[in-house]
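Now for the letters of each chain:
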Amino acid sequence: MQANPHARYLYWMFAVLFGTVALCGAINVFVDPLGIFGSPRFAGINATKPYLDHHRILARWQAARRLCADVGIFGNSRAEIGLDPDHPVFGQLGLKAFNHAIPGSPIATSVQQLGWLNQAGCAPTEIVLGVEFFDFLGGSPAKAHVFESAPPKIDLGVLSETVFSITGLYDSMTTLAVQRRRYPATLTERGFNPLFNYVPEVEHSGHYVLFRQRAEESLRRWMQKVPRIHPASGGLSEDFAGLDAFLKQAASAGSTVRLVIYPYHAEILLMMARADLLGAFEQWKAEIIDRAEQYAEAGMKVEVIDFSGWSAETTEPIPPRGDKHHLAYYWEAGHFKKELGDRMLDRIFGGATGFGIRLDSQTLEQQNRSDRQKIRQEREASSSLAREVDSLFQASR
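We now turn to the structure provided with this report.

Each value, and the rule that gives it
- Residues numbered from 1 in each chain as written.
- Predicted model: local features only at pLDDT ≥ 70, side-chain atom pairs only at ≥ 80, totals over all residues.
- Heavy atoms only, no water.
- Buried < 20%, exposed > 50% of the residue type's maximum accessible area, 1.4 Å probe, protein only.
- Helix = DSSP H or I, 4+ residues; strand = E, 2+ residues; numbered from the N terminus.
- Pairing = 2+ DSSP bridges.
- Axes fitted to C-alpha atoms, helices over the stretch in contact; angles between N-to-C directions.
- Core = buried A, V, L, I, M, F, W, Y, C linked by side-chain atoms within 4.5 Å.
- Contact = heavy atoms within 4.5 Å.
- Parallel < 35°, antiparallel > 145°, perpendicular 65-115°, else oblique.
- Left-handed = near helix turned anticlockwise from the far one by under 90°.
- Disulfide = S-S within 2.5 Å.
- Expected span 1.5 Å × (residues − 1).
- Arc of directions from axis to C-beta.
- Polar contact = N/O pair within 3.5 Å; in protein donor to acceptor, adjacent residues only side chain to side chain.
- Phe/Tyr/Trp six-rings, centres within 6.5 Å; stacked < 30°, edge-to-face > 60°.

Re the pairing of strand β3 (residues 126-131)
Across the six residues that make up β3, a large majority, six, are buried. The side-chain alternation of β3 yields two buried faces, one formed by E126, V128 and G130 and the other by I127, L129 and V131. Where strand β1 (residues 71-74) and β3 come together, four bridges link them in parallel fashion. Directly across from G72, in β3, lies its bridge partner I127. As paired elements, β3 and strand β4 (residues 256-261) share six bridges and run parallel to each other. Opposite I127, over in β4, you have V257 as the bridge partner.

Comments concerning the sheet that holds strand β2 (residues 97-99)
Read from one edge of the open sheet, six strands run β2-β1-β3-β4-β5-β8, paired in mixed fashion. Only two strands of the sheet have a single neighbouring strand rather than two, namely β2 and β8 (357-359). Along the sheet, successive strands turn relative to each other by an average axial angle of 25°, direction set aside. Taken together, the three bridges between β1 and β2 define a ladder with parallel strand orientation. The partner of G72 across the bridge, within β2, is F98.

Considerations on the nonpolar core
Core analysis: the largest hydrophobic core is formed by 86 residues, its most contacted members being L129, F133, L243, L259, M272, F281 and W284. Of all the elements, helix α13 (residues 278-297) adds the most residues to this core, at eight residues. Excluding residues within four positions of it along the chain, F281 makes contact with F133, I261, Y264, L269, M272 and S308. V199, V202, L210 and W331 belong to the second-largest nonpolar core, a separate cluster that totals seven residues.

Side note on the packing of helix α12 (residues 266-274) against helix α16 (residues 384-396)
Contact pair α12 / α16: the axes reach a minimum separation of 10 Å and the direction vectors enclose 50°. Compared by their axis directions, α12 and α16 come out oblique. In this structure, the crossing between α12 and α16 has a hand that is right-handed. Listed contacts from α16 to A266, E267, L270, M271 and R274 of α12 are L385, A386, E388, V389, D390, L392 and F393.

Examining the state of the cysteines
Scanning the model with the defined rule gives one disulfide in all. Here C68 is linked by a disulfide to C122, with a sulfur-sulfur distance of 2.1 Å. Where C68 bonds to C122 through sulfur, the torsion about that S-S bond is close to -110°, and the disulfide is left-handed. Of this pair, C68 sits in the loop between α2 (56-67) and β1 while C122 sits in the loop between α5 (107-119) and β3, placing them 54 residues apart in sequence. Since its relative accessible area comes to 28%, C68 is described here as partly exposed.

Topic: helix α8 (residues 166-178)
Spanning 13 residues, α8 covers 18 Å between terminal C-alpha atoms, matching the ideal 18 Å at 1.5 Å per step. Along α8, the residues classified as buried are G168, D171, S172, T174, T175 and V178. End-on, the buried residues of α8 take up no more than an arc of 160°, which puts them together on one face. The outward face of α8, more than 90 degrees from its buried face, is lined by the exposed residues I166 and Y170. Tucked into the core, α8 has its buried residues touching α1 (5-31) and α7 (156-162). Measuring from the backbone nitrogen of T167 back to the side-chain oxygen at the start of α8 gives 3.4 Å, which picks out S165 as the cap.

Let's talk about the side chain of D360
If you trace the backbone, D360 turns up in the loop between β8 and α15 (364-380). D360 gets classed as buried once you look at its relative accessible area, which sits at 18%. Here R358 takes part through its side chain, which lies 3.5 Å from a polar atom of the side chain of D360. The contact partners of D360, leaving out residues within four places of it in the chain, are I289 and E293.

What about the packing of aromatic side chains?
Per the stated rule, a full pass over the model turns up 16 aromatic pairs. Ring geometry for F133 versus F134: centroids 5.1 Å apart, planes at 65°, classification edge-to-face. Like F133, the residue F134 is buried in the burial classification. Relative to W284, the ring of F281 has its centre 5.9 Å away and its plane inclined at 15°; by these criteria the two rings are stacked. Taken together, the residues span about one helical turn, with F281 and W284 both in helix α13 at a distance of three residues. The same class applies to F281 and to W284, which are both buried. Chaining the aromatic ring pairs together yields one cluster made of F133, F134, F136, W222, F240, Y264, F281 and W284.

Describing α15
With 17 residues, α15 extends 24 Å between its outermost C-alpha atoms, agreeing within 8% with the 24 Å of an ideal straight helix rising 1.5 Å per residue. Among all positions in α15, only L364, Q367, N368, D371 and I375 are buried. Along the long axis of α15, the arc covered by the buried residues comes to 100°, so they all point the same way. Relative to its buried face, α15 has exposed residues pointing more than 90 degrees away, namely Q366 and E380. Contact partners of the buried residues in α15: α12, α13, β5 (302-306) and β8. Directly beyond the C-terminal end of α15, a positive phi value near 50° is found at S382.

Remember that the coordinates give geometry; whether it matters functionally is a separate question.
Here it is as structure tokens:
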């Protein structure tokens, strides 16, 4: 090698390259941005994990598998942002909770997650499943599903992307950076997204902008769907088939299930009334209740708790444009804050009253009648909220 400078150059080049890749890999495993390796967390280095948009299902599964929690929270972004698995009520009951909810995910994802937990011997004894009316809207026909029986694994593809890549190194640098941010976009060790990064958004633009943007997006999505919850050809819809699959798995594991109807802000109820969707919403509630009662008659512990009704909480006034004070319960009409989620968990597990109602075939009609009356009164009074909804529909034309 001393006689051949080209060979010596190649030798050192490959040695440096290998050493650099190995060092980067070691850093990425140590920092563990996604939390998939279970590396120790050190304050100021990697204790706070960034909210990343890739490998979400794998990251949730690895964290859930390690904790093997007694309580499983399932659903979409509303549950991920609003329902805190570190709520004190769980500790008071001697329970550990984990938030499995993934933004934008259909109920089929929850079915897979619950199946993986059952296989691993980690079936939760208590389940909170957020059911989303707007997922059911449109009545997509059910497909012949074969849910993934094996949980996601850390395979060569994952290792190459998360450990031996620029993407992995960038995620590690992002992790180091968020330790020093006042309001980081982060995900807790138990799967909860506190949405801290919305705080500066509110301080800069106010809640009104968030409400308006989300309402416009929601209205566009609704208008693209047929206003029904079952396929035109008859039979089960995709989401009702998923709900049945979820309840069957939970029943086989002996889990207690709370089907939770999210606390949509009153703006959404007024929008549904204006879009002639209240009938479909009421029919959907009736069928959710019907399924719960069928499983209850078969011996399963299951109930439906509705937080969507017209109440002091769901009618929290939307600040006018330019007003930058923080709301107590909502980020925008679809996503509620931890403070309201805590009220929900107090109702579900702590026996608190005053917010939310246990729905069954006996109480549904009264609840529907009460909500319709209050919606009608709000529209007839031409309140600021009703005028805001009117302006949304006028702008959509």
